[in-house]
Amino acid sequence: MKNRKVPSLNQRIRGDIEGRILSGEWAPGFRIPYEHELMAQYGCSRMTVNKVLTALAESGMIERRRRAGSFVARQPPHLEQVALEIPDIALAVNERGHRYGFRLLERQLRRADAAAPEELRLVGEGELLAMRCLHLADDRPLALERRLINPEAVPETLAVDFSTHAPGSWLLQNVSWTRGQHRISAVAATAAEAALLEVPVGTACLVIDRQTWRGEMPITWVRQKFLGDAYDLVARFAPGNKL
């Protein structure tokens, strides 16, 4: 039997740090131990620690701040290339000079519906946190959101007051993810949706279905319906990208 190759000290330090970030133990914004603390923990040189932190910063997993230390990146680490970034709706609305608003329409902790594929993909037959929300800009409806969260992946969400924190914004600020998938479509607003969005029945809406994972663990699934004339979808690319 061949002996397994023993990982180098660099690999072991990096693996330990990545493991804590991907598991959620170290959330976005968490300060990584200082270089001298890591040197003492692993019995290595400052050069070894510096190389590991530099590699993690280049991958987008951590941020290094002069004289302050290193922190888990608030921009989620992209370990797989995705077509779109995940926007923080509240931040995007405010950056465009509008006043953001949010209403929690419904919140339930319940078992997955066997007739809903998106729920079964997220938690199997287990429990999930289901919410319906309305996003506003300058007190006018902007988008409807149906959000499902896997409590096994993010148990702390059960204690969060989502009547004052938009779930998408909270997740982006507090939970690291490694993989995301988007599906984009266009639909006409139903009577119930039109009433909430304060538009005529049949108004065109842009729909984004999104699911995110941390490793192989599903975190959340969301369907957001934006008023068609209030949302622009922009994709940036450069020569040499594969089609």
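Residues numbered from 1 in each chain as written. Predicted model: local features only at pLDDT ≥ 70, side-chain atom pairs only at ≥ 80, totals over all residues. Heavy atoms only, no water.

Turning to the side chain of Glu119, a few remarks are in order. By the element assignment, Glu119 lies in helix 5 (residues 117–123). Apart from residues no more than four positions distant in its own chain, Glu119 is found in contact with Arg110, Arg111, Ala112, Asp113, Gly124, Leu128, Arg146 and Leu148. (Helix = DSSP H or I, 4+ residues; strand = E, 2+ residues; numbered from the N terminus. Contact = heavy atoms within 4.5 Å.)

Let's shift gears to the sheet that holds strand 8 (residues 217–227). Ordered in space as 3-4-5-8-7-6, the six strands form an open sheet in which the pairing is antiparallel. Only two strands of the sheet have a single neighbouring strand rather than two, namely strand 3 (100–111) and strand 6 (179–188). Taken pair by pair, the neighbouring strands of this sheet meet at an average axis angle of 15°, ignoring direction. Strand direction decides the pairing type here: strand 5 (residues 140–149) and strand 8, joined by seven bridges, are antiparallel. Paired with Glu145 across the two strands is Gln224, which belongs to strand 8. Across the sheet, helix 6 (residues 167–174) touches strand 3, strand 4 (127–137), strand 5 and strand 8, and the angle it forms with strand 5 is around 55°. (Pairing = 2+ DSSP bridges. Axes fitted to C-alpha atoms, helices over the stretch in contact; angles between N-to-C directions.)

Moving on, we come to the confidence of the model for the chain. The predicted model of the chain averages 85 in pLDDT, with 88% of residues at 70 or higher. Throughout residues 76–83 the model reports pLDDT below 50, and contacts reaching past four residues in sequence, or to other chains, amount to 13 contacts. (pLDDT = per-residue confidence, 0-100.)

The next point concerns the pairing of strand 7 (residues 204–214). Extensive coverage of strand 7 is indicated by the burial of ten of its eleven residues. With ten bridges joining them, strand 6 and strand 7 adopt antiparallel strand pairing. In the strand pairing of strand 7, Arg179 is matched with Trp213. Across ten bridges, strand 7 lies against strand 8 in antiparallel orientation. Bridge pairing links Thr212 to Thr220 in strand 8. The hairpin formed by strand 7 and strand 8 contains two residues between the paired strands, and Gly215 there has a positive phi angle of roughly 65°. (Buried < 20%, exposed > 50% of the residue type's maximum accessible area, 1.4 Å probe, protein only.)

Time to look at the pattern of salt bridges. As a working rule, side chains carrying opposite charge can pair if their charged atoms are close by. Taken as a whole, this structure holds 15 salt bridges when the rule is applied. Salt-bridge contacts for Arg20 lead to Glu25; the nearest nitrogen and oxygen are separated by 3.7 Å. Judged by relative accessible area, which is 54%, Glu25 ranks as exposed. As a salt-bridge pair, Lys225 and Glu193 come within 2.4 Å of each other at their nearest N and O atoms. Of the two residues, Lys225 sits in strand 8 while Glu193 sits in helix 7 (residues 191–197), which places them 32 residues apart along the sequence. Residue Lys225 is classed as buried on the basis of its relative accessible area of 17%. For Glu193, a relative accessible area of 16% translates into the label buried. Where salt bridges share partners, they join Arg110, Glu118, Glu119 and Arg146 into one cluster. (Salt bridge = Lys/Arg side-chain N within 4 Å of Asp/Glu carboxyl O.)

Further remarks concern the pairing of strand 5. Burial analysis of strand 5 places eight of its ten residues in the buried class, the great majority of the element. Bridge count between strand 4 and strand 5: nine bridges; the pairing is antiparallel. Among the inter-strand pairings, Leu129 is bridged to a residue of strand 5, identified as Ile149. Between the end of strand 4 and the start of strand 5, which pair antiparallel, lie two residues, with Asp138 showing a positive phi angle near 55°.

For the rest of this paragraph, the subject is the nonpolar core. Among the nonpolar cores identified, the biggest contains 26 residues, and Tyr100 and Trp170 are the most heavily contacted of them. Counting residues per element, the ones that place at least two in this core are helix 4 (89–95), strand 3, strand 4, strand 5, helix 6 and strand 8. The element that contributes the greatest number of residues to this core is strand 4, accounting for four residues. With near-sequence residues (within four places) excluded, Trp170 lies in contact with Val154, Glu156, Thr157, Val160, Phe162 and Val175. Ile13, Ile21, Ile32 and Cys44 belong to the second-largest nonpolar core, a separate cluster that totals 15 residues. (Core = buried A, V, L, I, M, F, W, Y, C linked by side-chain atoms within 4.5 Å.)

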